[in-house]
Amino acid sequence: MAVHLPPLGGAVEWLNSEPLDPAGLRGRVVLVNFWTLTCINWLRQEPYVRAWSRAYRDDGLVVVGVHTPEFTFEHLGDWVRPAVAARGIDYPVVVDNDYAVWSVFDNHYWPALYFVDRDGVIRDQHFGEGRYEQSERVIQQLLGIEREPVPVEGLGVEAEADWDQLRTPETYLGFGRGEHFASPNGAALDERRAYDLPDSLRLNHWALAGEWTIAPEKAVAGEAGGSIAVRFHARDAHVVLAPGAQESIPFRVLLDGEPPGPSHGVDVDEDGNGVLCDGRLYQLVRQHDAVRERTLEITFGAPGAEAYAFTFG
């Protein structure tokens, strides 16, 4: 039985377009991309989706991005619009704060791709990163054309992960999904208290120092000088942060107790300095030489920093 493109109603707003619906899209090939602005897997997929939109737009392809938030702060359009601008997204984007579009698709993943033919029938789907050449071939088949794949090179946070060296999973910092917390005496839930770093961290474990409140989806710094340390093995290290009620919060990153130097990420300088001013994913580390196990510590210069998750690549 054919599954048709479901309604796209229930959105909070549309960016880059008036509201679209299946009837108005009939006769076009549609690629629906579910994403959330802090998802490293989507960030690494996005240069491909962006390239396909531009390469095949005149052939009849319409890309529809559906921003369905994972974390509470991602419900704010104030963060979605800058994310759209920062990534150079010029195709229509549905702000799906209430999970209306997510639900009618019965979707469960970020990122997710749904490939819809000119009759409005969903012909293929793919969840997660990868399979880029095959996905582009699906687009071409639905359009009735055949070309060489579009060249794509992800830069900065959009660069493909070093999969052979990636040995640390996504690490959530709230008590709802947090694991491997290593500060002595354990965590106090929804209670402001002082923490200390252990003498050493095991691989894939993390800890807090200073006063923090560990809430269901985040850890919130209660004082200047609060820090988070994590032991990881990956080329890249990122953290999802939001400034809370503050306009900006300076932070400092150390690798094994030293400034990162040439291994700094795009959001940090060689001395390890950065500024938290937007709710988004921040790249702290990109190891420039041989990838090895390291300890990352990020220290905030003011209270109020909200830390949600570390991701690696």
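Basis of the calculations
- Residues numbered from 1 in each chain as written.
- Predicted model: local features only at pLDDT ≥ 70, side-chain atom pairs only at ≥ 80, totals over all residues.
- Heavy atoms only, no water.
- Helix = DSSP H or I, 4+ residues; strand = E, 2+ residues; numbered from the N terminus.
- Rg over C-alpha atoms; globule rule 2.2 N^0.38 Å.
- Buried < 20%, exposed > 50% of the residue type's maximum accessible area, 1.4 Å probe, protein only.
- Contact = heavy atoms within 4.5 Å.
- Areas by Shrake-Rupley, 256 points an atom, 1.4 Å probe, with all protein chains shown as cover.
- Lys, Arg positive; Asp, Glu negative; His and termini not counted.
- Charge placed at Lys NZ, Arg CZ, Asp CG, Glu CD.
- Salt bridge = Lys/Arg side-chain N within 4 Å of Asp/Glu carboxyl O.
- Phe/Tyr/Trp six-rings, centres within 6.5 Å; stacked < 30°, edge-to-face > 60°.
- Lys NZ or Arg CZ within 6 Å of the ring centre and 35° of its normal.
- Core = buried A, V, L, I, M, F, W, Y, C linked by side-chain atoms within 4.5 Å.

Chemist: Please give an account of the overall build of the protein chain that cites residues and values.
Modeler: Summing up its helical and strand segments, the protein chain has 5 helices and 17 strands in all. The C-alpha radius of gyration of the protein chain comes to 21 Å, within 12% of the 20 Å expected for a compact globule of 313 residues. Classification of the 313 residues of the protein chain by burial places 52% in the buried group. Of the contacts formed within the protein chain by residues at least 6 apart in sequence, a portion of 72% connects residues at least 24 apart. Accessible surface, the protein chain as shown: approximately 13500 Å² in total, 47% of it carbon and sulfur. A gap of 3 Å separates the mean positions of the 26 positive and 48 negative side-chain charges of the protein chain.

Chemist: Lay out the pattern of salt bridges with the relevant residues and their values.
Modeler: Applying the stated criterion across every chain yields a total of 21 salt bridges. Between Glu158 and Arg50 there is a salt bridge, and its shortest N-O distance comes to 2.9 Å. Here Glu158, found in the loop between α5 (132-143) and β7 (171-172), pairs with Arg50, found in helix α2 (residues 40-56); they are 108 residues apart in sequence, far enough to count as distant. Per residue, the accessibility class of Glu158 equals that of Arg50, and both read buried. Residue Arg231 pairs with Glu293 through a salt bridge whose shortest N-O separation is 2.9 Å. Linking Arg231 in strand β11 (residues 227-233) with Glu293 in strand β16 (residues 293-300), this pair joins segments that are 62 residues apart in sequence. Classification of Glu293 as partly exposed rests on a relative accessible area of 31%. Beyond isolated ion pairs, a larger network of salt bridges with shared partners links Glu46, Arg50, Arg87 and Glu158.

Chemist: Outline the environment of Asp199, supporting the account with residue identities and numerical values.
Modeler: Mapping Asp199 onto the fold places it in the loop between β8 (192-195) and β9 (206-214). A sequence separation of 16 residues divides Asp199 from Ser183, and the C-alpha atoms of the two residues are 9.5 Å apart.

Chemist: Just give me the short version of the packing of aromatic side chains, but keep the residues and values in it.
Modeler: For the structure on display, the rule yields 22 aromatic pairs. Both rings, one in Phe251 and one in Tyr282, keep their centres 6.1 Å apart while their planes meet at 90°; by these two values the pair is edge-to-face. Remark: Tyr282 occurs in strand β15 (residues 280-286) and Phe251 occurs in strand β13 (residues 249-255); sequence separation between them is 31 residues. Within the aromatic cluster, the residues linked to one another by ring pairs are Phe34, Tyr99, Trp102, Phe105, Tyr109, Trp110, Tyr114 and Phe127. The residue whose ring lies beneath Arg177 is Tyr172, and the NZ or CZ to ring-centre distance is 3.8 Å. Note that Arg193 overlies the ring of Tyr195, its terminal NZ or CZ placed 4.6 Å from the centroid.

Chemist: How would you sum up the nonpolar core? Please name residues and give values.
Modeler: Leu31, Trp52, Leu61 and Ile139 are the most contacted members of the largest nonpolar core, which totals 38 residues. A per-element tally of this core places α2 first, with 6 residues. Here Ile139 is in contact with Leu31, Trp52, Tyr56, Leu61 and Phe115, once residues within four sequence places are set aside. With 33 residues, the next largest nonpolar core counts Ala188, Leu255, Val285 and Ile298 among its residues.

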